[in-house]
Amino acid sequence: EAQVTQNPRYLITVTGKKLTVTCSQNMNHEYMSWYRQDPGLGLRQIYYSMNVEVTDKGDVPEGYKVSRKEKRNFPLILESPSPNQTSLYFCASSLRQGRYEQYFGPGTRLTVT
Amino acid sequence: GNSVTQMEGPVTLSEEAFLTINCTYTATGYPSLFWYVQYPGEGLQLLLKATKADDKGSNKGFEATYRKETTSFHLEKGSVQVSDSAVYFCALSIQGGSEKLVFGKGTKLTVNP
């Protein structure tokens, strides 16, 4: 089944404790992206990647890191999480950049206390 | 810049009522337009799309027509069901650059039996 998987689905952590949210897709997509969803703000892009080893900042990259060492994986790293990073995070992928459907993972709900 | 404005929610309807969710956009360039739907507890999934002026996207009884003259892409359904309760996002993508999806803030629809 074609899908985007994220882990964990739920995470409660404390300020400053490094964490990684994994994202994997099995569709051989070139383009992958991370979004955060906050009430009243909709979805905002954090980082994106157009292919292996090619990543770039989205609208709200501060406090986040990503890497794209393999085509299928695109982990999101929070080196020192803060409470303002409490949010619902989505990973997405599409065949290529442009007018292609993006497939979304199920989301990771992160709470930073 | 590129932006999407969609009607504020929430929207509450009775089953079999007619649905319209307004979406207008501003874009530098020629956008593709999308409606994504997010069911409770899930990630977003593509509902329909249109890639050029006067195209009509349709799926699951929902329709939207790409109107370049009014820069609009309103979502309609003739008879909603309880299972249509979800958050609906209008989005655009511009060829070139980061290719990211630019989302509206979402409209929550609740359909009562």
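Described below are features of the structure shown in this document.

Here is what the cut-offs are and how they apply
- Residues numbered from 1 in each chain as written.
- Chains lettered and ligands numbered in written order.
- Predicted model: local features only at pLDDT ≥ 70, side-chain atom pairs only at ≥ 80, totals over all residues.
- Heavy atoms only, no water.
- Helix = DSSP H or I, 4+ residues; strand = E, 2+ residues; numbered from the N terminus.
- Rg over C-alpha atoms; globule rule 2.2 N^0.38 Å.
- Buried < 20%, exposed > 50% of the residue type's maximum accessible area, 1.4 Å probe, protein only.
- Areas by Shrake-Rupley, 256 points an atom, 1.4 Å probe, with all protein chains shown as cover.
- Pairing = 2+ DSSP bridges.
- Contact = heavy atoms within 4.5 Å.
- Disulfide = S-S within 2.5 Å.

Next up on the list: the overall build of chain A. Regarding its fold elements, chain A presents 0 helices and 11 strands. Its C-alpha radius of gyration of 13 Å places chain A within 12% of the 13 Å reference for a compact globule of 113 residues. Here the C-alpha coordinates of chain A stretch approximately 35 × 30 × 25 Å along the principal axes. Looking at chain A residue by residue over its 113 residues, the buried ones come to 49%. Entry remark: accessible area of chain A is about 5400 Å², with carbon and sulfur atoms responsible for 50%.

Residues and elements named next belong to chain B. Across the two faces of strand E12 (residues 107-112) the burial differs, with Thr-107, Leu-109 and Val-111 buried and Lys-108, Thr-110 and Asn-112 not buried at all. Two elements, strand E2 (residues 11-14) and E12, share 4 bridges in a ladder whose sense is parallel. If you follow Leu-13 over to E12, its bridge partner there is Val-111. In terms of strand pairing, strand E10 (residues 86-94) meets E12 through 3 bridges, oriented antiparallel. Paired with Val-87 across the strands is Lys-108, a residue of E12.

Attention now moves to the side chain of Ser-33 of chain A. Here Ser-33 of chain A lies in strand E4 (residues 31-38). Excluding anything up to four places from it in sequence, Ser-33 of chain A contacts Gln-45, Tyr-47, Tyr-48, Phe-74, Phe-90, Cys-91 and Ala-92 of chain A.

Residue and element names in this part refer to chain A. In this structure the tally under the stated criterion is 2 disulfides over all chains. Shown here is the disulfide that connects Cys-23 with Cys-91, its sulfur atoms set 1.8 Å apart. With the S-S dihedral at roughly -70°, the linkage between Cys-23 and Cys-91 falls on the left-handed side. Remark: Cys-91 occurs in strand E9 (residues 87-94) and Cys-23 occurs in strand E3 (residues 19-25); sequence separation between them is 68 residues. An identical accessibility class is assigned to Cys-23 and Cys-91; each is buried.

Purely geometric stuff here, so don't read any function into it on its own.
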